[in-house]
Every structure is written in structure tokens, then in C-alpha cells.
Amino acid sequence: MKQRQPRKKDIAPPLYTTYALSDVAEIHPATGCATPTELGVKEAKDWVDHNQK
């Protein structure tokens, strides 16, 4: 039998690691909106500031 080859999504790194909402501090129960952590917001701002043209 052939061995199953790993799929691309199984070996790909996670996307949106610099996205501030990828590190959720809490989720508002009524609306389901995610609130990012302070560190996530700071890292996203630093990333944007660094990549300005």
C-alpha cells in the first residue's frame, strides 16, 4: 500500500501570526467579538511601523 503523503496544510506554518486577534485575551459573551492582548496589539503596531514605505 502507498503511504499517504502529508498535505500542504498539515506541514504549513500557521498564518496570520502577526495578526493582533490571533492572541485573544477574551471573547465578549454577547457579541462574540475577540479582544486582543496588549502584547498582541504592541507586536502588530511594531510590525506595521517597521514595514512602512
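Anything mentioned here points back to the structure above.
This is a predicted model, so every value here is computed, not measured.

Each value, and the rule that gives it
- Residues numbered from 1 in each chain as written.
- Predicted model: local features only at pLDDT ≥ 70, side-chain atom pairs only at ≥ 80, totals over all residues.
- Heavy atoms only, no water.
- Salt bridge = Lys/Arg side-chain N within 4 Å of Asp/Glu carboxyl O.
- Helix = DSSP H or I, 4+ residues; strand = E, 2+ residues; numbered from the N terminus.
- Buried < 20%, exposed > 50% of the residue type's maximum accessible area, 1.4 Å probe, protein only.

Asks: Even after reading the chapter, I still don't get the pattern of salt bridges, so can you show me in this structure?
Replies: Note on pairing: side chains with opposite charge can pair once their charged atoms come close. According to the stated counting rule, one finds two salt bridges in the structure shown. In this structure, Lys-42 and Asp-46 form a salt bridge, with 2.9 Å as the shortest nitrogen-oxygen distance. With Lys-42 and Asp-46 both in helix α2 (residues 38-50), this residue pair falls four residues apart, about one helical turn. Asp-49 is the salt-bridge partner of Lys-45, the closest N and O atoms lying 2.6 Å from each other. Highlighted residues: Lys-45 and Asp-49, both in helix α2, separated by four residues, approximately one helical turn. A relative accessible area of 36% means that Asp-49 is categorised as partly exposed.

Coordinates in, geometry out; function isn't part of it.
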